[in-house]
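# Overview (structure and organization)
In case you want the letters, here they are:
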Amino acid sequence: MKASYTLSQSLIAADSPSTVDLLITFQGSESNQQNSSRRPLNLSLVLDRSGSMGGTPLRYAIQAAQNLIDHLTPDDFVSVVIYDDTAEVIIPPELVGDKAAIKAKIGKIRAGGCTNLSGGWLLGCSQVQANQSPERINRVLLLTDGLANYGIKDPQVLTKTALEKAEADIVTTTLGFGHYFNEDLLINMANAARGNFYFIQSPDDASQVFDIEMESLVSVVAQNLRVRLQPEEFVEVGEILNNYRFSQVGDTVEIVLGDVYGVEQKPLAIPLTVSPRSQSGMTTIATVTYDYQTIVEGSIQDISNQFSITLTVGSEAQAKDIQPDPQVLEQTSQLRIAKLKDEAVSLADKGDFQQAVVKLRETIEELKRKTLDEFFDIAEEIAQLDYYAQCLENRRFDRAIRKEMRDQSYQTKTRDREDLKFRGTTTGAASGLEVTTNPDSGVLVKCERMGGKLRVRVISEGYNPDLNVQFPRSIREQGVTYVVDEITPSANGTFYRASGTIRRLVKPGEEKASTQKTAQKGKKLQTAKAQGTAADLETTDTVGDGVLVQCIKDGKKLRARVVSDGYNPDYNIRFPRTIREEGILYVVDEVKENPQGGSYIAYGKIRRLVQ
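My aim in this report is to walk through the structure given alongside it, one point at a time.

Calculation criteria
All residue numbers refer to positions counted from 1 along the written sequence of the respective chain. The predicted origin of the model limits local features to residues at a pLDDT of at least 70 and limits the giving and counting of side-chain atom pairs to 80 or more, whereas totals for whole chains, interfaces and linings rest on all residues. To obtain the side-chain values, all non-hydrogen atoms of the structure were included, while hydrogens and water were left out. Only DSSP runs of H or I reaching four residues or more are called helices, and only runs of E reaching two or more are called strands; each is numbered from the N terminus. This radius of gyration counts C-alpha atoms alone. The globule rule is 2.2 Å times how many residues there are, raised to the power 0.38. Buried residues are those whose accessible area, probed at 1.4 Å on protein chains only, stays under 20% of the maximum for their type, while exposed residues exceed 50% and partly exposed ones sit between those limits. Only the protein chains shown count as covering a residue, and every accessible area follows the Shrake-Rupley method with a 1.4 Å probe. Only four residue types enter the charge count: Lys and Arg as positive, Asp and Glu as negative, with His and the chain ends excluded. Charged groups are reduced to one reference atom each: NZ for lysine, CZ for arginine, CG for aspartic acid, CD for glutamic acid. Within this scheme, the nonpolar core is defined by two criteria: the residues are buried Ala, Val, Leu, Ile, Met, Phe, Trp, Tyr or Cys, and they are joined through side-chain atoms within 4.5 Å. The pairing criterion for strands is at least two bridges between them, as found by DSSP. Only the contacting stretch of a helix is used when fitting its axis, a line to C-alpha atoms as for every element, and angles between N-to-C directions run 0 to 180 degrees. We call two residues in contact whenever any of their non-hydrogen atoms come within 4.5 Å of each other. Helices are assigned an expected span. That span is 1.5 Å times one less than the residue count. Our arc is simply the arc of the directions from the helix axis toward the C-beta atoms. An angle below 35 degrees is read as roughly parallel, one above 145 as roughly antiparallel, one from 65 to 115 as roughly perpendicular, and any other as oblique. When the near helix sits turned anticlockwise from the far one by under a right angle, the crossing is termed left-handed; a clockwise turn instead gives a right-handed crossing. Three classes are used: nonpolar for Ala, Val, Leu, Ile, Met, Phe, Trp, Tyr, Cys and Pro, charged for Asp, Glu, Lys and Arg, and polar for all others, with Gly counted as polar.

## Description of the overall build of the protein chain
Looking only at helices and strands, the protein chain features 13 helices and 28 strands. Computed over C-alpha atoms, the radius of gyration of the protein chain comes to 27 Å, within 12% of the 25 Å expected from 2.2 N^0.38 for 611 residues, which places it in the range of a compact globule. For the protein chain, the spread of C-alpha atoms along the three principal axes comes to 90 × 65 × 45 Å. By the burial criterion, 52% of the 611 residues in the protein chain qualify as buried. Approximately 27400 Å² of the protein chain is accessible, and the part contributed by carbon and sulfur atoms is 46%. Side-chain charges of the protein chain comprise 71 positive and 82 negative groups, with the mean position of each set lying 8 Å from the other.

So this is what it looks like as structure tokens:
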């Protein structure tokens, strides 16, 4: 494995205090990447099959899990655990032989029940433990779409247990599906367990996210990477910008970076404050020692290396002539923006929307003042921050936006993959734009979702269709075509900027079509009623905006309960008795709490979910 470093400033002025950003990068060497052998896996898939996964989410999760099996080899162990109210092993640990048979068993998973996350996860850990070996990569992949409402529910207990499992070399990666899971819990578990976290915003994201995790697992070139930074006495170490666990003894800081993948770099960014130096020339400001485990000639060996961090002390004039390193500047700016997103979320959670907006707006102005918007990723960050500020100003801080902000912050501070940047972006609204039916009145651009990201590309002739367009985030809506007054290339020619008036392109006759949906949306629904039995109900294979209800045996009675996330599964629900059948999932238009509290009432149409 190779380690290299870059400083934001390679030369500082003598007799003046200076702060520089240190960026250390770890990367699998060419010999690692060319070596086709890899450490075998000991993997347990733990899949949430609770009622809220019913329909499209579970189908896509099943498909993603089946695709994952194709990545495995006969040297890998795999097991599959499913959970709702209870956890069950449907595939005990086995070496991967008959892939078709394994995928067939996964394909038979059906949804129903609540979310016993702890039961499923701990059962998955025990499957990994059965074949645990230092020669293998021992990992649990935990997928959930909801809140832990059965079993152990205390986030602190679950996080502490994840840390204990990691110390026993059982690593957990968490995958949150949809908009109802507890992102703070899953991120904290992944951090404690030395795994990864992913936000799967939509069903079609599932396969891509599983592929990213598997690509990482099969390219592990080093494990348990630890870095010790020993600064010189005249250097002070600032706050680590990445999201890694660290400890400090005296002046020495130890940082735990975990696994290093051959397909991506592992960055570590730390600000260093250097006291005034009177002597010019090259000087050492810190010493870095790092150690890790890797395979050498077929066996796992401990490797340790060391290098010095040096910079040049020169005149004030020389220091003014030195431009900051653009790579370090861009990367550390993104890390600081990631920290800002977490701060804004924390303020919004407390109801202090105004202070959150102030922080976001101040950062936008500072980034523009430093002309950092000439980097496309920073220009995108500015669009993101402006969008979040608008949402917070309007008190529109919903589950999707909170998860998106937390996910973007997490990925920036822990990973270095292009396909994980800006994933899971919520769509804006183009409905408020002026409309036009004339495609020749400007330049045409279209918004599409690409790999979990909302991207805008030029579709008019004479432009490079491969370049991204810097475009207001708040009006990006998937599938919409816009007419823009002007499209200009950025200063470095790597992306376009949209300027002037932006209109939405519609077909002739559709100019006033938009707003007849609200009349139906505001229509008052009647209490849900049904005739006949469950077999007579209309069927559906998707939940959409509906609410899932399930019937369970409660003594001698059949009790209906809501299993969609965000509802209390212990509440009774007013639900037609003639259609109640044990285990069936029903999709109801709406569920509201009884005005007296303590129970629910179903409204609108009732359909039977076909899985």
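## Section: the nonpolar core
The nonpolar side chains of soluble globular proteins are, as a tendency, buried together. By size, the foremost hydrophobic cluster in this structure holds 46 residues, and its most contacted members are Leu68, Leu72, Ile106, Ile109, Leu143 and Leu175. Among the elements that take part in this core, helix α2 (residues 56–69) stands out by supplying seven residues, more than any other.

## Describing the sheet that holds strand β16 (residues 299–314)
Reading across the sheet, the six strands line up as β2-β16-β15-β10-β13-β12 and stay open at both edges, with mixed pairing between neighbours. The strands lining the two open edges of the sheet, one partner per strand, are β2 (11–13) and β12 (245–249). Put simply, the sheet's adjacent strands are angled 25 degrees from each other on average, direction ignored. Taken together, the five bridges between β12 and strand β13 (residues 252–261) define a ladder with antiparallel strand orientation. By the bridge assignment, Ser247 is partnered in β13 with Glu254.

## Some points on the pairing of strand β25 (residues 557–562)
In this structure, strand β24 (residues 547–554) lies alongside β25, joined through six bridges in antiparallel fashion. Across the sheet, Gln550 pairs through a bridge with Arg561, a residue of β25. Between β24 and β25, which pair antiparallel one after the other, the connecting turn spans two residues, and Gly555 there sits at a positive phi close to 70 degrees.

## Description of the sheet that holds strand β14 (residues 266–274)
Sheets are built from strands that pair by backbone hydrogen bonding, the pairs being arranged parallel or antiparallel. The four strands are arranged β1-β3-β14-β11 in an open sheet whose pairing can be described as antiparallel. The open sheet terminates on both sides in strands that have one partner only, identified here as β1 (2–7) and β11 (235–237). Each strand of the sheet is rotated relative to its neighbour by a mean of 30 degrees, with strand direction disregarded. In this sheet, β14 lies alongside strand β3 (residues 18–27) in antiparallel orientation, the contact comprising nine bridges. Note that in β14 the partner of Leu23 across the bridge is Ala269. Across the sheet, helix α9 (residues 326–349) touches β1, β3 and β14, and the angle it forms with β3 is around 95 degrees.

## Thoughts on helix α5 (residues 155–167)
Counted at 1.5 Å a residue, the expected span for α5 with its 13 residues is 18 Å, and the 18 Å between its end C-alpha atoms agrees. Of the positions making up α5, those classed as buried are Leu158, Thr159, Ala162 and Ala166. Looking straight down α5, one finds its buried side chains confined to an arc of 100 degrees; they lie on one side. What points out from α5, more than 90 degrees from its buried face, is the exposed set Gln156, Lys160 and Glu167. Those residues of α5 that are buried are in contact with α4 (117–129) and α6 (183–192). Note on α5: the residue one or two positions beyond its end, Asp169, has a positive phi of about 65 degrees.

## Comments concerning the packing of α2 against helix α7 (residues 206–217)
Look at α2 against α7: their axes get within 8 Å of each other, and the N-to-C directions meet at 30 degrees. It follows that α2 is roughly parallel to α7 by the angle criterion. Crossing handedness for the pair α2 and α7: right-handed. Residues Tyr60, Gln63, Ala64, Ala65, Asn67 and Leu68 of α2 lie in contact with α7, whose contacting residues are Ala206, Ser207, Phe210 and Met214. Residues that form the contact of α2 with α7 fall into these classes: seven nonpolar, three polar and no charged.

## Focus: the pairing of strand β28 (residues 599–609)
Most of β28 sits inside the fold, with nine of its 11 residues counted as buried. In terms of strand pairing, strand β26 (residues 572–574) meets β28 through three bridges, oriented parallel. The partner of Asn572 across the bridge, within β28, is Ser599.

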